[in-house]
Amino acid sequence: MITVGIDVGSITTKAAVIKDGKLISDKVTPTGYNAQGAGVKIYETIIAELGLKASAVDKIISTGYGRNSVTFAHKTVTEITCHAVGAHFLNADVRSIIDIGGQDSKAIVLDENGGVKDFAMNDKCAAGTGRFLEVMARALEIDINDFGGVSLKADAPSKISSLCTVFAESEVISLISKGEKRENIIAGIHESIASRVVAMAGRIGLSAPMMMTGGVAKNKGVVGALEKKTGFRIEVSEKAQVTGAIGAALIASFQS
C-alpha cells in the first residue's frame, strides 16, 4: 500500500510517501503565491522521483494552512492531528509537541498511542511564528537560515518586550540604531518567541519527552530558548519540517 501526505503551509509545502508502514520519501518546496500549484507540483515531483505512476498511489491526505487547495486529495485532516501522528511515528515516547510554522504556533499533548489529549494554538497573530522571524531577519539584514548560529554567540540577549510583530520590529530597529550587537538582538528575538509559546503552552501543561516540529525547529536558537523556558530537553528530528506530511500519509494508510 502506498499513501501520500501533503502539508501545504504558508511558507513551504511538504510531501511524504508511506509504503507498507515505512517512510520511503519526503520533500519540501516553497509554497509561493499559488498554494494549489505548489501541492500539485510537489505531488507530481515526489512520485516521479520514486518512479511511480499516480495509479499506484492508494490514498492522498492533505493538511496544513492550505489543505483545501489540494483538490485531488481524498480527504483533509487538521495539522494538529497530523503532527501528533507524525511525531508518534518518529518517536513513540513523545508526550508533547511544540510546532512553530509559518503563520501559527501550536502546543500539543499526546497520549501513549499518539492521540491528541489537548492542544493550544496561536493563529491570530504573527508573533511567535516563522513570519515573525522573517520580518526580523529583513530588519537585521541577515539570512534567516543564519539566525540560529548567530544567536548562539550572544553574551547578553536584548529585551524585546512587544508581543506585536509591527511594534517588535520597531524595537529591533531602535536597538540597531543604538549599536546593540546583532547576535544579542537575535537571541532576544528567540527568547521573545519562546516566552510567547510557553505562555500559550502553559494552558495545557506540557510534559517530557518533548519534540519540536515545523520549519522553525531547524533554528537552534529558538530550540535552546524553548528548552530554557520549559526546563525540558527538546528532541528535534531530522524530519521535523515534514512531520505533518508524514502524519497525513500515515493517516491515509490507516484509513485505506
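Whatever comes next refers back to the structure up there.
This write-up is about the structure you can find in this document.

Each value, and the rule that gives it
- The written sequence of each chain sets the order in which its residues are numbered from 1.
- Residues qualify for local features only when their pLDDT is at least 70, as the model is predicted, and side-chain atom pairs are given and counted only at 80 or more; totals for whole chains, interfaces and linings, by contrast, use all residues.
- Excluded from the side-chain calculation are hydrogens and water; included are all heavy atoms of the structure.
- For this analysis, a salt bridge means a side-chain nitrogen from Lys or Arg found within 4 Å of a carboxyl oxygen belonging to Asp or Glu.
- Secondary structure counts use DSSP, requiring at least four H or I residues in a row for a helix and at least two E residues in a row for a strand, with both numbered from the N terminus.
- To sort residues, take the accessible area from a 1.4 Å probe on protein chains only and compare it with the maximum for the residue type: under 20% means buried, over 50% means exposed, and anything in between is partly exposed.
- Strand pairing is defined by DSSP finding a minimum of two bridges between the two strands.

Opposite charge on two side chains permits them to pair, given that their charged atoms come into close proximity. Scanning the entire structure with this criterion turns up nine salt bridges. Put simply, D26 and K239 hold a salt bridge, and the shortest N to O gap is 2.6 Å. Taken together, the residues D26 in strand 3 (residues 22–30) and K239 in the loop between strand 10 (234–235) and helix 8 (243–255) connect sequence positions 213 residues apart. Judged by relative accessible area, D26 falls into the partly exposed class, the value being 27%.

The sheet built from five strands is open, its strands ordered 8-7-6-9-10 with mixed pairing. Looking at the sheet topology across the chains shown, the edges are occupied by strand 8 (116–122) and strand 10. Sheet topology note: the strand 6 (residues 96–100)/strand 9 (residues 210–213) ladder contains four bridges and is parallel. If you follow I98 over to strand 9, its bridge partner there is M212.

We now examine the pairing of strand 7 (residues 105–110). Across the six residues that make up strand 7, a large majority, six, are buried. Neither face of strand 7 is open: one carries S105, A107 and V109, the other K106, I108 and L110, and all of them are buried. Where strand 6 meets strand 7, five bridges bridge the pair, whose relative direction is antiparallel. Looking at strand 7, one finds that I100 is bridged to S105. The hairpin turn running from strand 6 into strand 7, its antiparallel successor, is four residues long.

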